[in-house]
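Breakdown of the fold
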Amino acid sequence: MQKSSRRNAGIAAAAVSAEAPISPKLDHARLDHASMSDIAHALADGHVTATALLKAYLARIAAYDRDGPKLNAVRALNPDALAIASRLDGVKPSAERPLAGIPILVKDNIATGDAQPTTAGSLALEGARARDDATLVKLLREAGAVILGKANLTEFSNMLAVDMPYGYSSLGGQVKNPYAPALADDHGIPVVSPGGSSAGSAVAVAAGLCAASIGTETSGSLLFPASQNGLVTVKPTVGLISRAGIVPISHSQDTAGPMTRTVRDAALLLNVLAANDPLDPATQKQRRPADYTAGLTRDAMKGVRIGVPSDHVDPLNDCYYGKLPPKSAKLMTEAIQVLEDLGAVVVRASMPTSGWIGGPGTTMAVLNRNPLSAHKGTIARPPVVFLYELKHDLNLYLKEWATNTDIKTMADIVAFNEANAGRALRFGQDHFLAAEMTRGDLSEREYKSARAMDLLSAKTRGMDAYMSRHKLDAVLFPGAYGAAIAARAGYPSVMVPGGFVSGTDDGKETPDYPFGVTFAGLAWSEHKLLRLAYAYEQASAKRKSPPGLPAL
């Protein structure tokens, strides 16, 4: 990790920004509403201590995660959290330690070199630990954060089985959406998805179980749960945040990102997390501003050109907006009107077909043997790049990071699962079986071709061509619908709450639950996207906390 004076100066500016909301007294009764910025000011002003704050969150975890609706967002608590918080009592957030005393959850595929296991939600890795903190965890600790614990997730970030329910893992069980926690089908699968794979990270922030959290994404795993839980997230450019110490899927697309209740909070966390790291070569090309909170103003949308990839004269090419359910379509129409009212120039034009449809040889046929899948017996087509890089990257993680476990390779995980099928394979392991058939050294021509075609379609013929042709500053996607094209290109997306919808695709009635809007752009454009998201957030004010989780 390399810290620059420029980066420290940015953190200092953000820590004392006059534009940041100042709360003279933190309202413990509404921790689900409190922004991280409010909490930092309350700590700095001495209105609350780190220990009292942590205990307040622990009380909400006990009441709503372990009891009551049993959201199951927190897989495990850090046994050292109270001791860490007590050492931070009286330490005020500052330029050097902007997160002093602030409790943050990390997804349970992010290594911590302490007493907490790092399991990726797998029974095969139960009790497994890591030789060191992941780089991003080191940065959080250096900034003064209290690592509250590990958040539940879709097992192996949703790359174990075809059609595994979002938020389910064999070790952690099922995460529930806090806006409709009581609705489940006959198999106990939520009717309103919590999103995934960073389900626990999202639900914990939405329900006020922590100040903020860190999730990860390969394609949609930050954006989808943020959308389903009414949160802000940043899916960064690959290389902005180090992946060292994260249980991987694909080094071509993996990244970590913040999950917060406000845009400003996400920017504050990016100030801490975006750093060069010799352990992750992708960070060596990194470009970042001194301060991601600079320029977060209500008038940032004026004159900006926003692409809406939907053209009524080309309906067959409208893969992002054309098939939206009516309530989601209405929400997006209202969101676009907000942008126009703020002074944005909205450009309606379809994404090039060759950009979103994918290149030849980029998917791999996998037989779906998931016993609970509605599509059992059909052919699933996961990305070739994911399956080939999964074996290579996971074996490397197990060799270089995992301790206190007999599991040394992906083959060991497959064998463990087969030997413990009753507990470990409720939904099968078809993706792992397919990945295990690869060589594991990334020497295959089909892998190299697939990666090249991903970049040609999503990057060159997709996002690059679209934004260049229409001279765009950003692209507006509904929910997580645009996750794949941005992820394959390695490009950033910023999600912000857009409003509420209800009902399911198969006609079931549900309570209202959130639906987000996404601003996507070219590499290293996070700062611009955050400014646009902030202007929209302030004008729309669409976030509402989940009902039924009252103050304690």
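First, a word on scope: everything that follows refers to the structure included in this document. Small disclaimer: the values here were computed from a predicted structure and weren't measured.

Quick reminder: α-helices carry 3.6 residues per turn. Residues three or four places apart thus point the same way. Along helix α4 (residues 81-88), the positions that sit buried rather than exposed are Ala81, Ile84, Ala85 and Leu88. The buried residues of α4 occupy an angular sector of 100° when projected down its axis, which confines them to one face. Tucked inside the fold, the buried residues of α4 contact α3 (50-65), α5 (135-142) and β4 (146-151). Directly beyond the C-terminal end of α4, a positive phi value near 90° is found at Gly90.

Counted under the stated rule, the structure contains twelve salt bridges. A salt bridge links Lys138 to Asp132, with the shortest nitrogen-to-oxygen separation between them at 2.9 Å. Of the residues examined, Lys138 reaches a relative accessible area of 27% and is grouped as partly exposed. One salt-bridge network, held together by shared partners, links Arg75, Asp108 and Lys150.

Enumeration according to the criterion identifies seven aromatic pairs in this entry. Between Phe156 and Phe432, the aromatic rings sit 4.8 Å apart at their centres with planes inclined by 45°, giving tilted as the arrangement. In this pair, Phe156 sits in the loop between β4 and β5 (168-169) while Phe432 sits in helix α14 (residues 430-436), placing the two residues 276 residues apart along the sequence. Side by side, Phe156 and Phe432 carry an identical accessibility label, which is buried. Here the aromatic rings of Tyr388 and Tyr447 are separated by 6.2 Å at their centres, their planes lie at 20°, and the arrangement is stacked. Placement of the pair is Tyr388 in helix α11 (residues 384-400) and Tyr447 in helix α15 (residues 445-469), with a sequence separation of 59 residues. For the pair shown, Tyr388 and Tyr447 are each scored as buried. Here the guanidinium or amino end of Arg131 rests over the ring plane of Trp401, the centre of that ring lying 4.3 Å away. Over the aromatic face of Tyr168 sits the side chain of Arg426, whose NZ or CZ is 5.6 Å from the ring centroid.

Time to look at the side chain of Asp114. Tracing the backbone through its elements, the reader meets Asp114 in the loop between β2 (103-107) and β3 (129-130). Within polar-contact distance, the side chain of Asp114 engages the side chain of Gln116 at 2.9 Å. Polar contacts involving the side chain of Asp114 include one to the side chain of Arg141, which spans 2.9 Å. The residues touching Asp114, leaving out its near neighbours within four places in the chain, are Asn78, Asp80, Arg129, Asp133 and Arg141.

As a further point, take the nonpolar core. Counting 137 residues, the largest nonpolar core has Leu140 and Phe519 as the members making the most contacts within it. The contact partners of Leu140, leaving out residues within four places of it in the chain, are Leu99, Ile104, Val106, Ala145, Ile147, Ile214, Leu269, Val272 and Leu273. Ala202, Val205, Ala206 and Leu222 belong to the second largest nonpolar core, which has 33 residues in total.

The element β2 is extensively covered by neighbouring structure, given that five of its five residues are classed as buried. Burial along β2 is two-sided: the face carrying Pro103, Leu105 and Lys107 and the face carrying Ile104 and Val106 are both buried. Of the strand pairs in this sheet, β2 and β4 are connected by five bridges, and their pairing is parallel. In the sheet register, Leu105 faces β4, and the bridge partner there is Gly149. In the sheet, β2 pairs with strand β7 (residues 212-217) via three bridges, with the strands oriented parallel. Across the sheet, the residue bridging to Val106 is Ile214, located in β7.

Residues Gly196 and Ser197 are joined by a peptide bond in cis, for which omega reads 10°. The topology assignment puts Ser197 in the loop between β6 (173-174) and α6 (199-206). Positioned with a positive phi, Phe156 is a non-glycine residue whose angle comes to about 50°.

Thresholds, definitions, all that
- Residues numbered from 1 in each chain as written.
- Predicted model: local features only at pLDDT ≥ 70, side-chain atom pairs only at ≥ 80, totals over all residues.
- Heavy atoms only, no water.
- Buried < 20%, exposed > 50% of the residue type's maximum accessible area, 1.4 Å probe, protein only.
- Helix = DSSP H or I, 4+ residues; strand = E, 2+ residues; numbered from the N terminus.
- Arc of directions from axis to C-beta.
- Contact = heavy atoms within 4.5 Å.
- Salt bridge = Lys/Arg side-chain N within 4 Å of Asp/Glu carboxyl O.
- Phe/Tyr/Trp six-rings, centres within 6.5 Å; stacked < 30°, edge-to-face > 60°.
- Lys NZ or Arg CZ within 6 Å of the ring centre and 35° of its normal.
- Polar contact = N/O pair within 3.5 Å; in protein donor to acceptor, adjacent residues only side chain to side chain.
- Core = buried A, V, L, I, M, F, W, Y, C linked by side-chain atoms within 4.5 Å.
- Pairing = 2+ DSSP bridges.

So yeah, pure geometry; function would need other evidence.
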